[in-house]
Amino acid sequence: QVQLVESGGGPVQAGGSLRLSCAASGRSISALAMAWFRHSPGKEREFVARIAWGTRYADSVVGRFTISRDNAENTVYLQMNNLKPEDTALYYCTAANFLVDSTVPRDWTYWGQGTQVTVSP
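Let me begin by describing the structure that accompanies this report. These numbers were taken from a predicted model, which means no experiment stands behind them. All residue numbers here refer to positions counted from 1 along the written sequence of the relevant chain. Where totals are concerned, whole chains, interfaces and linings use all residues; where local detail is concerned, this predicted model gives features only for residues with pLDDT of at least 70, and gives and counts side-chain atom pairs only at 80 or more. Hydrogens and water molecules were not included; the side-chain quantities draw on all heavy atoms of the structure.

### So, the overall build of the protein chain
(1) Moving on: Per the secondary structure count, the protein chain includes zero helices and eleven strands.
(2) Moving on: Runs of H or I in DSSP of at least four residues are treated as helices and runs of E of at least two as strands, each being numbered from the N terminus. Scanning the protein chain from its N terminus toward the C terminus, one meets helices and strands in the order β-β-β-β-β-β-β-β-β-β-β.
(3) Moving on: The C-alpha radius of gyration of the protein chain comes to 13 Å, within 12% of the 14 Å expected for a compact globule of 121 residues.
(4) Moving on: Treating the 11 positive side-chain charges of the protein chain as one cloud and the 10 negative ones as another, the clouds have centres 2 Å apart. Throughout, the radius of gyration refers to the C-alpha atoms, and the reference size of a globule is 2.2 Å times the residue count to the power 0.38. Charge assignment: positive for Lys and Arg, negative for Asp and Glu; neither His nor the chain ends contribute. For this purpose, a charge sits on NZ of Lys, CZ of Arg, CG of Asp or CD of Glu.

Right, dumping it as structure tokens:
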């Protein structure tokens, strides 16, 4: 069993930056694929970024967001720069088998509770 705890969300003005953290326990993240999804009201939960042997990003965040991990700290990060109001959402950290390379939420096994990001114009 893997437990995931997100932190780092909050209010920010457009153009600003935030760094989300996801602390994992129960298993080493070096053996897992890790990803961030987000969910805003009235929309489906959507893929943001993934890291395993490489990284993958949603088109909407390319060049602005960076996913990284610190295996020693068993933590995954999402650096978000040049934030836009449309980035406002509840951001979830998720984990799955190392070979998972999916943008579909149902393919991911473990989920955190989420951290809210609110970007004002």
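So, next bit.
### Re the packing of aromatic side chains
Centre distance and the angle of the planes are the two values used to describe a pair of aromatic rings.
(1) Moving on: Planes of paired rings set the category: under 30 degrees apart is stacked, over 60 is edge-to-face and the rest tilted, where pairs are Phe, Tyr or Trp rings (Trp by its six-membered ring) whose centres lie within 6.5 Å. Under the criterion given, the structure shown has five aromatic pairs.
(2) Moving on: Centre to centre, the rings of Phe-37 and Trp-108 are 6.2 Å apart; their planes meet at 70 degrees, and the pair counts as edge-to-face. Residue Phe-37 is located in strand 4 (residues 32-39), and its partner Trp-108 is located in the loop between strand 9 (89-97) and strand 10 (110-111); the two are separated by 71 residues in the primary sequence.
(3) Moving on: Throughout this description, buried means an accessible area under 20% of the type-specific maximum (1.4 Å probe, protein chains only), exposed means over 50%, and partly exposed covers the range between. The exposure class of Phe-37 is buried, given its relative accessible area of 0%.
(4) Moving on: Residue Trp-108 is classed as buried on the basis of its relative accessible area of 4%.
(5) Moving on: Ring geometry for Phe-37 and Trp-111: centres 5.3 Å apart, planes at 55 degrees, overall tilted. Of the two residues, Phe-37 sits in strand 4 while Trp-111 sits in strand 10, which places them 74 residues apart along the sequence.

### A short note on the pattern of salt bridges
(1) Moving on: One side-chain nitrogen of Lys or Arg within 4 Å of one carboxyl oxygen of Asp or Glu is enough to make a salt bridge. Applying the stated criterion to the full structure yields five salt bridges.
(2) Moving on: We note a salt bridge from Arg-64 to Asp-87, for which the minimum N-O separation is 2.7 Å. Of this pair, Arg-64 sits in the loop between strand 6 (55-57) and strand 7 (65-70) while Asp-87 sits in the loop between strand 8 (75-80) and strand 9, and the two are 23 residues apart along the sequence. With respect to class, Arg-64 is no different from Asp-87; both count as buried.
(3) Moving on: Put simply, Arg-38, Glu-46, Arg-64 and Asp-87 are held in one network by salt bridges that share partners.

### Description of the environment of Ala-31
(1) Moving on: For Ala-31, the location among the structural elements is in the loop between strand 3 (18-25) and strand 4.
(2) Moving on: Taking relative accessible area as the criterion, Ala-31 reaches 34% and is therefore assigned partly exposed.
(3) Moving on: Sequence separation between Ala-31 and Asn-97 is 66 residues; the distance between their C-alpha atoms is 7.5 Å.

### Notes on the state of the cysteines
(1) Moving on: Working definition: a disulfide is two cysteine sulfur atoms within 2.5 Å of each other. Applying the stated criterion to the full structure yields one disulfide.
(2) Moving on: A sulfur-sulfur separation of 2.0 Å characterises the disulfide bridge that pairs Cys-22 with Cys-93. Because the sign of the S-S torsion sets the handedness, a value of about -75 degrees for the bond joining Cys-22 and Cys-93 places this disulfide among the left-handed ones. Taken together, the positions of Cys-22 in strand 3 and Cys-93 in strand 9 put the pair 71 residues apart, joining distant regions of the chain. For the pair formed by Cys-22 and Cys-93, the shared burial category is buried.

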